[in-house]
Amino acid sequence: MIIEMTAPTFIWYGGVSTRATGDAAHHIAGAIQERRRHFENSVSFGLPKNDVLNELFEIAEECKASNWDGYGATPVTEDTYRVAYRLLEALPLGMPVPTVGAEPDGHLTLEWYRSPRRTLSVSISPDGDLHYAALLGPSDKDYGTKPFFDEFPKTILDLIRRVMST
Amino acid sequence: MYWLNPVATAFDEMKIDVTEQFQHLPKAPIVEAVIEVRARSEATWDEQFISEQLKSKLPDYPRVTSQRELQQEVKFESGQPPEATQHDLGWKGLRFQSADGRHLAQFNRNGFVFSRMKPYENWEQLLKEAMRLWRIHTDEARPTTAHQIGLRFINRISLPVQEFKFEDYIQPHPAPPHGLDSLLFNGYFHHDALAVPGHPYVINLVRTIQPPQDPAVQGLGLILDIDVITTQPFELSDGMLETRLAEMCWLKNKAFFGSITKTALKSFQ
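Because the structure is predicted, anything quoted here is derived from the model rather than measured.

### A word on the overall build of chain B
And step 1. The number of helices and strands found in chain B is four helices and eleven strands.
And step 2. Intrachain contacts of chain B at a sequence separation of at least 6 include 70% that bridge at least 24 residues.

### Points about the overall build of chain A
And step 1. Check the secondary structure of chain A and you find four helices and five strands.
And step 2. Counting from the amino terminus, chain A carries its helices and strands in the arrangement α-α-α-β-β-β-β-β-α.
And step 3. Restricting the contact set of chain A to residue pairs at least 6 apart, pairs at least 24 apart contribute 55%.

### Topic: the sheet that holds strand β2 (residues 108-115) of chain A
Residues and elements named next belong to chain A.
And step 1. The sheet built from five strands is open, its strands ordered β1-β2-β3-β4-β5 with antiparallel pairing. Taken across any chain shown, the strands that pair with only one partner, and hence form the sheet edges, are β1 (99-102) and β5 (141-147). Strand after strand, the sheet turns through a mean of 20° between neighbouring axes, direction not considered.
And step 2. Seen against the sheet, helix α3 (residues 78-90) touches β2 and β3 (118-124) and runs at an angle of roughly 135° to β3.
And step 3. Each of β2, β3, β4 (129-136) and β5 touches helix α4 (residues 154-164); the most contacted strand, β4, lies at about 25° to it.

### With respect to unusual backbone geometry
Residues and elements named next belong to chain B.
And step 1. Note that the residue after K118, namely P119, is joined by a cis bond; omega there is 0°.
And step 2. In this fold, P119 is placed in the loop between β5 (111-117) and α2 (123-141).
And step 3. For the bond running from Q171 to P172, omega is -10°, close enough to zero to count as cis.
And step 4. Positionally, P172 belongs in the loop between β7 (148-158) and β8 (189-195).

### Considerations on the nonpolar core
And step 1. If you look at the biggest cluster of nonpolar residues, it comprises 52 residues, and the most contacted ones within it are F114(B), I223(B) and V228(B).
And step 2. Excluding its chain neighbours within four sequence positions, the residues that come into contact with I223(B) are A24(A), I28(A), I154(B), N155(B), R156(B), V206(B), R207(B), T208(B), I209(B) and Q210(B).
And step 3. Counting 31 residues, the second largest nonpolar core, distinct from the first, contains A60(A), Y81(A), F148(A) and I156(A).

### Considerations on the environment of V64(B)
All names here are of chain B.
And step 1. Residue position: V64 is located in strand β2 (residues 63-75).
And step 2. Once the C-alpha coordinates of V64 and F96 are considered, the two residues, 32 residues apart in sequence, prove to be 4.6 Å apart.
And step 3. Excluding its chain neighbours within four sequence positions, the residues that come into contact with V64 are K55, L94 and F96.

### Details of the confidence of the model for chain A
Residues and elements named next belong to chain A.
And step 1. Averaged over all residues, the pLDDT of chain A is 84; the fraction at 70 or higher stands at 89%.
And step 2. Predicted confidence in chain A is weakest over helix α1 (residues 23-40), with a mean pLDDT of 83, and strongest over β3, with 96.
And step 3. Throughout residues 1-13 the model reports pLDDT below 50, and contacts reaching past four residues in sequence, or to other chains, amount to 22 contacts.

### Structural notes on α3(A)
Residue and element names in this part refer to chain A.
And step 1. For α3, built from 13 residues, the straight-helix expectation of 18 Å at 1.5 Å per residue is met to within 8% by its first-to-last C-alpha distance of 18 Å.
And step 2. Buried within α3 we find T80, Y81, V83, A84, L87 and L88. Looking straight down α3, one finds that the buried residues subtend no more than 165° of arc, so they occupy a single side.

### Description of α2(B)
Residues and elements named next belong to chain B.
And step 1. Helix length check: α2 (19 residues) gives 26 Å between terminal C-alpha atoms against 27 Å at 1.5 Å per residue, within 8%.
And step 2. For α2, the complete set of buried residues consists of L126, A130, L133, W134, H137 and A141. The arc that holds the buried residues of α2, viewed along the axis, is 115°, so those residues lie on one side. In α2, the exposed positions angled more than 90 degrees off the buried face are occupied by E124, Q125, K128, R135 and D139.

### Brief notes about the pairing of β1(A)
Residues and elements named next belong to chain A.
And step 1. Of the two faces of β1, the one lined by V100 and A102 is fully buried and the one lined by T99 and G101 carries no buried residue.
And step 2. Bridge analysis of β1 against β2 gives four bridges, and the strand direction is antiparallel. Following the sheet pairing, V100 is matched in β2 by L110.
And step 3. Joining the antiparallel neighbours β1 and β2 is a turn of five residues, in which G106 adopts a positive phi near 90°.

### Considering the pairing of β5(B)
Residues and elements named next belong to chain B.
And step 1. Summarising burial for β5: seven of the seven residues are buried, a large majority.
And step 2. Here β5 shows two buried faces, one formed by G111, V113, S115 and M117 and the other by F112, F114 and R116.
And step 3. As defined by bridge partners, strand β1 (residues 30-38) adjoins β5 across seven bridges and the pair is classed as antiparallel. Residue pairing in the sheet places A33 in a bridge with R116 of β5.
And step 4. Across six bridges, the pairing between strand β4 (residues 103-108) and β5 is antiparallel. Residue pairing across strands places N108 opposite G111, the latter belonging to β5.
And step 5. Between β4 and the antiparallel strand that follows it, β5, lie two residues.

### Some points on the environment of L194(B)
Residues and elements named next belong to chain B.
And step 1. Assignment of secondary structure puts L194 in strand β8.
And step 2. Residue classification places L194 among the partly exposed positions, given that 15 C-beta atoms sit within 10 Å.
And step 3. Measuring from C-alpha to C-alpha, the distance between L194 and N204 comes to 6.4 Å, with ten residues separating the pair along the chain.
And step 4. Contacts of L194, omitting those with residues within four sequence positions, involve V202, I203 and L205.

### Structural notes on the confidence of the model for chain B
And step 1. Confidence in the prediction of chain B, expressed as mean pLDDT, is 89, and 88% of residues score 70 or more.
And step 2. Interface confidence for the predicted complex, expressed as ipTM, amounts to 0.75; the pTM equals 0.78.

### Remarks on the environment of P212(B)
Residues and elements named next belong to chain B.
And step 1. Take P212: it is sitting in the loop between β9 (201-210) and β10 (221-230).
And step 2. Looking at P212, the number of C-beta atoms within 10 Å reads 15, which means it is partly exposed.
And step 3. Considered as a pair, P212 and S158 are 54 residues apart in the sequence and their alpha carbons are 9.2 Å apart.
And step 4. When near neighbours in sequence (up to four residues on either side) are disregarded, P212 contacts Q218, G219 and L220.

Definitions and cut-offs
- Residues numbered from 1 in each chain as written.
- Chains lettered and ligands numbered in written order.
- Predicted model: local features only at pLDDT ≥ 70, side-chain atom pairs only at ≥ 80, totals over all residues.
- Helix = DSSP H or I, 4+ residues; strand = E, 2+ residues; numbered from the N terminus.
- Contact = placed C-beta atoms within 7 Å.
- Pairing = 2+ DSSP bridges.
- Axes fitted to C-alpha atoms, helices over the stretch in contact; angles between N-to-C directions.
- Core = buried A, V, L, I, M, F, W, Y, C linked by C-beta atoms within 7 Å.
- Buried ≥ 20, exposed ≤ 12 C-beta atoms within 10 Å, placed from the backbone.
- pLDDT = per-residue confidence, 0-100.
- Expected span 1.5 Å × (residues − 1).
- Arc of directions from axis to C-beta.

This is how it looks when you write it as structure tokens:
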């Protein structure tokens with residue numbers, strides 16, 4: 001038996017489940033939620049995410065007025081804040097959490113930073129588009145746009161792993 | 001056993017044989033079969049216009065429910081009781097149900113979901129109806145890219161009210177830790193996410209038990225939930241969706257027949 005483990009070891013790597021409607025489907029969804037909450041209540045899995053959600057709230061509050069940067073910046077709207085909040089909530093347990101920032105165009109940004117040449121930035125628009133750009137080494141980069149459908153896009157999850165892996 | 005390293009792992013491509021025949025089970029334990037296509041509408045998703053169009057095309061689905069997107073938020077402040085607020089994120093789409101309640105279809109701004117409730121007939125019937133409704137959806141939404149397809153079969157195997165052994169029904173079966181073999185299961189939940197080498201699919205396999213609604217007359221339900229999803233977006237060109245679904249159906253069948261014991265299979269015939 002060969003087990004090749006990559007850190008972090010406890011992650012939901014099954015992608016987004018197909019939406020079913022019956023009793024059995026609700027039972028399964030409830031059981032998954034219960035297990036997720038169980039881990040979110042732990043310091044090692046839950047605390048980092050709570051901290052980043054607080055950080056998001058503070059940034060959105062600071063940047064909700066026009067000209068928040070003194071150079072004519074567009075305000076961060078409640079819609080953008082909600083998309084960012086849902087995206088962070090959807091981040092699988094055990095994944096590294098980002099730092100949060102705001103851009104002059106009113107987008108919120110999440111950044112996973114390992115070094116100047118290994119970094120991932122995700123810019124969140126109010127309509128739910130996620131514009132991402134990653135530096136993955138001296139000559140490797142990736143960028144694009146993914147829609148947010150209430151669950152974390154796999155492409156961006158893979159980039160987080162590549163940027164943050166040791 | 002291999003753990004997929006998503007950063008750098010190369011495995012031989014798995015052969016998917018869509019011509020393989022599987023045993024038909026007249027009493028298959030399927031309680032819900034679902035086909036979902038996540039694809040953003042590229043036409044204007046106007047509530048009044050879309051509602052009129054869909055209702056006129058679906059007279060055989062008389063029960064219609066409007067779906068709105070709601071977001072719940074709870075604020076916690078020290079010394080204050082938690083304050084819950086609900087935000088309406090707008091109209092999402094419509095849910096249609098057939099007169100006999102066996103078919104449900106959701107037509108949303110972000111995609112299409114078709115569910116067949118029990119009793120399940122066969123794959124051909126499921127696919128035919130799902131594709132008919134999908135074409136109605138694409139007439140209105142005009143999506144060009146599928147961000148994800150899902151094919152999910154939820155099986156519920158009724159267990160005896162009296163004592164039973166897991167190993168009579170599923171493989172691999174749950175077992176207590178070595179040295180604590182006399183322990184009794186009071187709950188069970190197991191989830192595997194299995195990547196398919198060389199193909200853009202993941203199989204989510206959940207095994208769990210569902211408590212009975214009336215324990216006096218009903219035993220536990222052993223749930224085997226097989227959810228095959230795509231992992232890459234693709235263009236919705238002619239025939240691509242059908243091709244993907246045929247491959248996903250094969251994966252679903254292999255996962256089912258590979259998880260059920262011969263004894264259990266006999267009870268579904």
